[in-house]
Amino acid sequence: MKGESFEELRVYRAAEGVGDLVWEIVSAWDRFARDTVGKQLVRAADSIGANIAEGYGRKSYADNRRFVAIARGSLMETRHWLRRAHKRDLLSKEQIVALQSLLEPLPKSLNVYLKSIGVTR
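The rules behind these values
Residues numbered from 1 in each chain as written. Predicted model: local features only at pLDDT ≥ 70, side-chain atom pairs only at ≥ 80, totals over all residues. Heavy atoms only, no water. Helix = DSSP H or I, 4+ residues; strand = E, 2+ residues; numbered from the N terminus. Contact = heavy atoms within 4.5 Å. Salt bridge = Lys/Arg side-chain N within 4 Å of Asp/Glu carboxyl O. Buried < 20%, exposed > 50% of the residue type's maximum accessible area, 1.4 Å probe, protein only.

> What am I meant to see in the environment of Ala-53 here?
Among the structural elements, Ala-53 can be located in helix H2 (residues 31-57). For the pair Ala-53 and Val-68, spaced 15 residues apart in sequence, the C-alpha to C-alpha distance is 9.0 Å. With near-sequence residues (within four places) excluded, Ala-53 lies in contact with Phe-6 and Tyr-12.

Structure below.
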């Protein structure tokens, strides 16, 4: 972790990609969908990367780990809102495929990052 900024972390960049794609998708929805499911989905998706960044900036490994755990919770919340969006026919098949490809590796990446915090090599 030394010498890197949080922007250089692969897991952070992956989370950022999820947030950016979610934003792009939700921006095209009608007002009602954006104001209900959309706002919740964008907040949850952006929170994944935000918590990784905040944890990285903390002064203790324990704080960093706690924020990565919160990022995992935000990932699960993102998945919940995506299920709601899918059920309500707000996502195209192409969007679903694109989102799945970004979301699928994130749980493992977060776990690997969590295990690496505080480990000296």
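What follows continues from the structure just given.
> How should I be thinking about the pattern of salt bridges in this particular structure?
Pairing is possible between side chains of opposite charge, provided their charged atoms come close. Here the structure, examined in full by the defined rule, presents four salt bridges. Arg-31 serves as the salt-bridge partner of Asp-35, at 3.6 Å between the closest nitrogen and oxygen. Of this pair, Asp-35 and Arg-31 both sit in helix H2, four residues apart, which is roughly one turn of the helix. For Arg-31, a relative accessible area of 62% puts it in the exposed group. A salt bridge links Glu-54 to Arg-58, with the shortest nitrogen-to-oxygen separation between them at 2.6 Å. We classify Glu-54 as partly exposed; its relative accessible area is 35%. By sharing partners, the salt bridges in this structure join Arg-31, Asp-35 and Lys-39 into a single network.

None of the figures reported here should be taken as evidence of function without further support.
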